[in-house]
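Coordinate analysis (summary)
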Amino acid sequence: AAAAAASSGGEPYARPERAASLLHLAYLIETRLGHDNSPAVRAAAFRAAADARDAAPRAWRSLFGGGGKDGGDGSGERPCAGLAWCVAAGDPAAEARGEAARFVGLLDGGGGCGEDGGPPTPPAPSASMRASVLSHCGAMLGCRRASALHELLNPTTASSSGGADGRDGGGRRGKAQRQQQQAGTSSSSEGGGGGAEEAEERYERTVLASLAGLDALLRALPEGGEGGERSADYSSDLFSGEAVVRLARSASGPSFRRAAYGLLATACQCAPSLVLPPKADEEEGGATKAKAAAIPMAGLLPSLVSSERDPNNVPALLEASLAYLAAFEGGSAGAWDGMDAAQFARGLSKTLRRACHGADPRAWGPMALPLVASLPPAGAGSAPLELQVLAALWEGREAAACPADGLAVSSAAAECAAHLLLRRPRGGGEEA
């Protein structure tokens, strides 16, 4: 509005009014507009935030800290940054993803999420962007139901106006802001998100976008990356590991589980400190104290493999299992020091015996061989775990949805059998 008034020869808004309006816009984006059920509203909100940089450049830099690698103070959180990153990474609407990506790019000097909502493009996200994303995702994923998210985004009028006026916007601005907040609350309760269906839709979209945002952040800043700008250490961060585990076990949210499995696979590849059992710290007297991983994959995977029944989720879960086994430096052998191999093999056999509950064998069949090959040798007097899984895989051809799927399952079983035969140790006088 300020830019339009100046270009038309009208009286431009005073600088304090522009700064106050920008601050209030950031508050509305974080609490209402950025979470609105209308994709057009979400896109327009981030478009306005990006365009405001030209209308009030000094206030924009002071509030958002854009244009530099470290933001305003080097590592502090920035308003709307975490929300914009997650919307750019996982919003279902392409228009909202594009506008949020543009805003994120301005915050980090061009290094935000790609225009197609994919992983961020060089340069790497700044330290303040990383802190903003982790803080936002922690708050969003901490909400266990739609009502909790509604309460988080809609605080009481007194606390809302006090928090938004924290930069001394003046009494007149505070009164106007309270009126706008009351109007926004009334409109949202009438149609913009007050119904149960709208609240559930907003909750699902927010959770999925937060998981996608964490996934994009791990890919953009992996541990041990090349150069200081492309590496990060998440072991000391308050990563939302507990929330990710809860979503991976969600009984009523198949889409939550699928997104959580994808994030677990990315964590194994890009941030192994989050999933691998950390080394024990020596204490005085020679005693050792073992720490717990942020995401206890060793105890989580066997139960997930046994309980997952959604055909759309099984391939993502098997991929996460493979990623965990491949995350150990010495090969998959190190994974079985903390994970019960027999329990994992039983759960995997249960799933394969049912042909992965109808999942497309072209999606999970190629993963059968590396999973079988990664199983450790069985103990004395026990049947080999590989043969247990192979027998279950062969039985799974009978549970396939169609003859073509049964043929694909048989082909996967044949590959596993051929591998086990080639790996079989031969005696001195045994013929090929």
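These numbers come from a predicted model, not from an experiment.

**Examining the environment of Tyr27**
If you trace the backbone, Tyr27 turns up in helix α2 (residues 15-31). As for Tyr27 and Pro79, which are separated by 52 residues in sequence, their C-alpha atoms are 7.9 Å apart.

**Topic: the packing of helix α15 (residues 314-326) against helix α17 (residues 361-374)**
Between α15 and α17, the least distance of the axes is 10 Å, while the angle of their chain directions is 30°. Along this stretch, α15 crosses α17, giving a crossing that reads as left-handed. Along the contact surface, α15 presents Pro315, Leu318, Glu319, Ser321, Leu322 and Leu325, while α17 presents Ala363, Trp364, Met367, Pro370, Leu371 and Ser374. By residue class, the composition of the contact of α15 with α17 is nine nonpolar, two polar and one charged.

**Digging into the side chain of Ser349**
Structurally, the position occupied by Ser349 is in helix α16 (residues 341-353). Apart from residues lying up to four places away in sequence, Ser349 is in contact with Gln388, Val389 and Ala392.

**Observations regarding helix α18 (residues 385-395)**
Leu385, Glu386, Val389, Leu390, Ala392 and Leu393 are the residues of α18 that are buried. Taken down its axis, α18 places every buried residue within 160° of arc, on the same side. If you follow the buried residues of α18, they end up packed against α16, α17 and α19 (403-423).

**Section: helix α12 (residues 241-248)**
Helical geometry: 3.6 residues make up each α-helical turn, so side chains three or four residues apart lie on a common side. α12 sits mainly inside the fold: six of its eight residues count as buried. For α12, the complete set of buried residues consists of Gly241, Ala243, Val244, Val245, Leu247 and Ala248. Looking at the buried positions of α12, the neighbouring elements they touch are α7 (127-141), α11 (196-220), α13 (254-270) and α14 (297-307).

**Some thoughts on the packing of α2 against helix α4 (residues 57-64)**
Close contact between α2 and α4 brings their axes to 9 Å; oriented N to C, the two are set at 40°. α2 and α4 meet at a crossing whose hand is right-handed. Across the interface between the two elements, Arg15, Ala19, Leu22, Leu23 and Ala26 of α2 pack against Arg58, Ala59, Trp60, Leu63 and Phe64 of α4. Taken together, the residues of the contact of α2 with α4 sort by class into eight nonpolar, no polar and two charged.

**Some remarks on the packing of aromatic side chains**
What the rule picks out here adds up to seven aromatic pairs. Ring centres of Trp60 and Phe103 lie 6.1 Å apart, and the angle between their planes is 85°; this geometry places the pair in the edge-to-face category. Taken together, the residues Trp60 in helix α4 and Phe103 in helix α6 (residues 94-107) connect sequence positions 43 residues apart. For Phe103, a relative accessible area of 0% gives the class buried. Between Tyr203 and Phe256, the aromatic rings sit 5.9 Å apart at their centres with planes inclined by 85°, giving edge-to-face as the arrangement. Of the two residues, Tyr203 is situated in helix α11 and Phe256 in helix α13; the sequence distance between them amounts to 53 residues. In terms of burial, Tyr203 and Phe256 fall into one category: buried.

**Considerations on the environment of Gly365**
Residue position: Gly365 is located in helix α17. Given the relative accessible area of 8%, Gly365 is considered buried. For the pair Gly365 and Ser410, spaced 45 residues apart in sequence, the C-alpha to C-alpha distance is 9.5 Å.

**Overview of the pattern of salt bridges**
Within the structure shown, the criterion is met by 11 salt bridges. A salt bridge links Arg47 to Glu95; the nearest nitrogen and oxygen atoms lie 3.3 Å apart. Remark: Glu95 occurs in helix α6 and Arg47 occurs in helix α3 (residues 39-55); sequence separation between them is 48 residues. Residue Arg47 is classed as partly exposed on the basis of its relative accessible area of 28%. The class for Glu95 is partly exposed, based on a relative accessible area of 43%. The residue Glu99 makes a salt bridge to Arg102 at a minimum N-O spacing of 3.6 Å.

**A few points about the nonpolar core**
In this structure, Phe64, Phe103, Leu218, Val275, Tyr324, Trp364 and Leu393 are the most contacted members of the largest nonpolar core, which totals 118 residues. With 10 residues, α11 is the largest single contributor of residues to this core. For Phe64, the contacting residues outside a window of four places in its chain are Leu22, Ala26, Arg78, Pro79, Cys80, Phe103 and Leu107.

**Focus on unusual backbone geometry**
What you tend to see is this: most non-glycine residues have negative phi, and most peptide bonds are trans. For Ala355, which is not glycine, the phi torsion reads 55° and is therefore positive. Among the secondary structure elements, Ala355 is positioned in the loop between α16 and α17. Ala355 gets classed as buried once you look at its relative accessible area, which sits at 4%.

**Comments concerning the confidence of the model for the protein**
Taken residue by residue, the protein gives an average pLDDT of 79. The fraction at 70 or more is 73%. Long-range and interchain partners of residues 67-74, a stretch whose pLDDT sits below 50, account for 19 contacts in this model, where long-range means more than four residues apart. Note that pLDDT drops below 50 for residues 157-193; the model gives that stretch 44 contacts with residues more than four away or on any other chain.

**Topic: a positive patch on the surface**
Where like charges cluster on the molecular surface, the positive patch consists of Arg15, Arg53, Arg58 and Arg61. Its location among the elements puts Arg15 in helix α2. Residue classification places Arg15 among the exposed residues on the basis of a relative accessible area of 54%.

What counts, and where the lines are drawn
Residues numbered from 1 in each chain as written. Predicted model: local features only at pLDDT ≥ 70, side-chain atom pairs only at ≥ 80, totals over all residues. Heavy atoms only, no water. Helix = DSSP H or I, 4+ residues; strand = E, 2+ residues; numbered from the N terminus. Axes fitted to C-alpha atoms, helices over the stretch in contact; angles between N-to-C directions. Left-handed = near helix turned anticlockwise from the far one by under 90°. Contact = heavy atoms within 4.5 Å. Nonpolar A, V, L, I, M, F, W, Y, C, P; charged D, E, K, R; others polar. Buried < 20%, exposed > 50% of the residue type's maximum accessible area, 1.4 Å probe, protein only. Arc of directions from axis to C-beta. Phe/Tyr/Trp six-rings, centres within 6.5 Å; stacked < 30°, edge-to-face > 60°. Salt bridge = Lys/Arg side-chain N within 4 Å of Asp/Glu carboxyl O. Core = buried A, V, L, I, M, F, W, Y, C linked by side-chain atoms within 4.5 Å. pLDDT = per-residue confidence, 0-100. Patch = residues over 30% accessible without salt bridge, like charges linked within 9 Å, V, L, I, M, F, W, Y side chains within 5 Å. Areas by Shrake-Rupley, 256 points an atom, 1.4 Å probe, with all protein chains shown as cover. Lys, Arg positive; Asp, Glu negative; His and termini not counted. Charge placed at Lys NZ, Arg CZ, Asp CG, Glu CD.

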